[in-house]
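What follows is the residue order along each chain.
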Amino acid sequence: MSVYKRAGKETYSYDFVVRGRRFFGDTGQTKKRDAKAFEEAQREIAKAEMAASSKLEANTMTFEIAALRWYHEIGQYHKNFETTLKVLDWLKRNIGSATSMTRSSPPSSRAGVARGSGESANPTTE
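Computed from a prediction, not measured in an experiment: that's the story for all the values here.

### Overview of the pairing of strand S3 (residues 21-26)
- In the sheet, strand S2 (residues 12-18) pairs with S3 via six bridges, with the strands oriented antiparallel. In the sheet register, phenylalanine 16 faces S3, and the bridge partner there is phenylalanine 23.
- Where S2 folds back onto S3 in an antiparallel hairpin, the turn is made up of two residues, including arginine 19, whose phi is positive at roughly 50°.

As structure tokens, then:
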């Protein structure tokens, strides 16, 4: 763990490498113990990011991989990203995280959405 004070700064900075990628920044903390705790939290986030990134490069496209890729590229920038995460989680539960996106058909997607909204998946059964 690399936590240190930069010259002329009141707060500690952190600097570490996960899977060959460098992560660094200001902790905003003035106590070394708090700075180390902040750095450890950042390290866990970095590990999760790198794990998700490696999943995004998988050869098979499942719903979970597609959702992670979409969130990483677009969804995280939404104003209400917490709501976006909840919607993605709901979709993952109803469509299935292991569902192959190459084999996914519109009827299976409609069925998942219909289950959650209380509607029929077949529009002709109304």
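### A look at the nonpolar core
- By size, the foremost hydrophobic cluster in this structure holds six residues: Tyr14, Phe16, Val18, Phe23, Ala46 and Met50.
- Mapped by element, the contributors of at least two residues to this core are S2 and helix H1 (32-56).
- For this core, the element with the most residues is S2, which contributes three residues.
- Ignoring anything within four residues of it in the chain, the contact list for phenylalanine 23 reads Tyr14, Asp15, Phe16, Val18, Ala46, Glu49 and Met50.

### Some words on the sheet that holds S3
- Strand order across the open sheet formed by three strands is S1-S2-S3, with antiparallel pairing between neighbours. Across the chains shown, the open sheet's two edge strands, defined by having one partner strand only, are strand S1 (3-5) and S3. Across the sheet, the mean angle separating the axes of adjacent strands is 25° when strand polarity is ignored.

Cut-offs applied
Residues numbered from 1 in each chain as written. Predicted model: local features only at pLDDT ≥ 70, side-chain atom pairs only at ≥ 80, totals over all residues. Heavy atoms only, no water. Pairing = 2+ DSSP bridges. Helix = DSSP H or I, 4+ residues; strand = E, 2+ residues; numbered from the N terminus. Core = buried A, V, L, I, M, F, W, Y, C linked by side-chain atoms within 4.5 Å. Buried < 20%, exposed > 50% of the residue type's maximum accessible area, 1.4 Å probe, protein only. Contact = heavy atoms within 4.5 Å. Axes fitted to C-alpha atoms, helices over the stretch in contact; angles between N-to-C directions.

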